[in-house]
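Residue-level structure breakdown
Residue strings, one per chain:
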Amino acid sequence: MTLKQRLQKRKSNKFTTICVHLKSKASAPGKVILFGEHFVVYGVKAILCSINKRITVTAEKINERKISIQSNIGSLELEPNQPIIEIDSPLKPFYYLANKVLQNEESGIKIQVESQIPTGVGLGSSSACCVAGAAAISKLFSEPSKEEILEMAIEAEKTIFQNTSGADCTVCTFGGIMEYDKENGFSKIESEPNFHLVIANSNIEHSTEKIVKEVKFFKEKNENVFSNLCDKELELINDVLELLKKNKIKKLGEKIKQNQKYLETIGISNEKMRKMIHVGNEISFGTKITGAGGGGCIFALTDDTNLEGTLNQFKEKNYECFSVKIDFQGLNTF
Ligand code: MEV
């Protein structure tokens, strides 16, 4: 069901109790795109999962007429009703959300952000911020559904990345492992695969917006190559959906390596990431970039037999790495 259909269904059955909270808290997980990043922007299916690293947002109503945001990446304090376009801060989505709910209110909002997810490396820290932010902030004045929170989160994400496919916010809201496409929305994958992902960070910060623009440029210059890659990606993803049902982890690893080749072709890799992927492939089942690329993280697929070996392999070469599992909870509100 698409987000629009979910929202319509919710609106038609709506029986809302408006609760007012002085303080509210929400947490949302980060994510890994397992297959299909970039191609998903052009309508191809992607497979993604949320991970057991979270962002927690606390929002509090205050008497003073201001929006104040504190986080480990800095702070922002402004009066409401400032033009969003003039705000130059990665915390802009929080301002957007707070400003929106304050439209008919006299008060202000104080927001505190705590994060376990490194920023700007493809692990969904900005989407998790948008989702947890939308939930915590809106719950000060109403009781929105998850679908409504997702809609607000995507609007907020668009203040920093206009052309988002919506995939990242969707998985951060609903959690688990899912297939997603722009037209049909998401569908959860019911099997609960028991793999571990080893994440290694290139420590090259990237801007998703910039890399997505570069891919658009590649597509415009190479229409046939790109369209052929979209077909191949879709074929690969349909195979992956079958492999996931049968829990064929080694074969999934081969598909990961294949997907990485497509990402190399569209130009989102670099020398350092290729070296890291080579290291990951020595012991894991398969390694690829996750998210926008051009920096950020790669992940290696492992199970209990090669998890430690893969971590050690990265550590020996001095790459920052850690392992994650799928989070099945998604957005959580307190
Ligand atoms: C970024 O995490 C994923 C991209 O496919 C962009 C998007 O889906 O919006 C590169």
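This text follows the structure it describes.
Residues numbered from 1 in each chain as written. Predicted model: local features only at pLDDT ≥ 70, side-chain atom pairs only at ≥ 80, totals over all residues. Heavy atoms only, no water.

1. Thoughts on helix α6 (residues 208-221)
- The end-to-end C-alpha distance of α6 is 20 Å, a good match for the 20 Å that 14 residues give at a rise of 1.5 Å each.
- Looking at α6, one finds that the buried residues are Ile211, Val212, Val215, Phe218 and Lys219. When α6 is viewed along its axis, its buried side chains cluster within an angular range of 110 degrees and face the same direction. Relative to its buried face, α6 has exposed residues pointing more than 90 degrees away, namely Lys210, Lys213, Phe217 and Lys221.
- Tucked inside the fold, the buried residues of α6 contact α7 (223-246) and α8 (249-265). (Helix = DSSP H or I, 4+ residues; strand = E, 2+ residues; numbered from the N terminus. Expected span 1.5 Å × (residues − 1). Buried < 20%, exposed > 50% of the residue type's maximum accessible area, 1.4 Å probe, protein only. Arc of directions from axis to C-beta. Contact = heavy atoms within 4.5 Å.)

2. A word on the packing of helix α3 (residues 125-138) against helix α5 (residues 167-174)
- At a minimum axis separation of 9 Å, α3 and α5 run at an interaxial angle of 55 degrees. In terms of their interaxial angle, α3 and α5 are classed as oblique. Between α3 and α5 lies a crossing whose hand is right-handed. Between α3, through Ser127, Ala128, Cys130 and Val131, and α5, the contact on the second element is made entirely by Asp168, Cys169, Cys172 and Thr173.
- Tallied by class, residues from the contact of α3 with α5 come to 5 nonpolar, 2 polar and 1 charged. (Axes fitted to C-alpha atoms, helices over the stretch in contact; angles between N-to-C directions. Parallel < 35°, antiparallel > 145°, perpendicular 65-115°, else oblique. Left-handed = near helix turned anticlockwise from the far one by under 90°. Nonpolar A, V, L, I, M, F, W, Y, C, P; charged D, E, K, R; others polar.)

3. Considerations on unusual backbone geometry
- Located in the positive-phi region is His38, a residue other than glycine, with phi close to 70 degrees.
- When you line up the elements, His38 lands in the loop between β1 (23-35) and β2 (46-62).
- Look at His38 and you get buried, because its relative accessible area is 5%.
- Positive phi is not limited to glycine here, since Asn203 has a value of about 60 degrees.
- Considering the arrangement of structural elements, one finds Asn203 in the loop between β8 (196-201) and α6.

4. Observations concerning the site of the ligand
- Around the ligand sit 14 residues in total, of which Lys31, His38, Val40, Ser165 and Asp168 are the nearest.
- Ser165 is positioned such that a nitrogen or oxygen atom in its side chain is 2.6 Å from an oxygen atom of the ligand.
- Side-chain polar atom of Asp168 to an oxygen atom of the ligand: 2.7 Å apart, as the coordinates give it.
- Burial of the ligand by the protein chains amounts to 98% of its free accessible area of 300 Å².
- More than half of the atoms of the ligand fall within 2 Å of the grid points belonging to the largest pocket.
- Among the elements of the structure, β1 and α6 are those that each provide at least two residues to the shell around the ligand.
- Taken together, the residues that form the shell around the ligand break down as 6 nonpolar, 5 polar and 3 charged.
- Among the domains, domain 1 (3-191) and domain 2 (196-325) are the pair contributing at least three residues each to the shell around the ligand. (Near = heavy atom within 4 Å. Polar contact = N/O pair within 3.5 Å; in protein donor to acceptor, adjacent residues only side chain to side chain. Areas by Shrake-Rupley, 256 points an atom, 1.4 Å probe, with all protein chains shown as cover. 1 Å grid on protein atoms, 1.4 Å probe; cavity = no way out; pocket = protein on both sides within 12 Å on 5 of 7 lines; lining within 4 Å. Sits in = over half its atoms within 2 Å of the grid points. Domains from an automatic or database assignment.)

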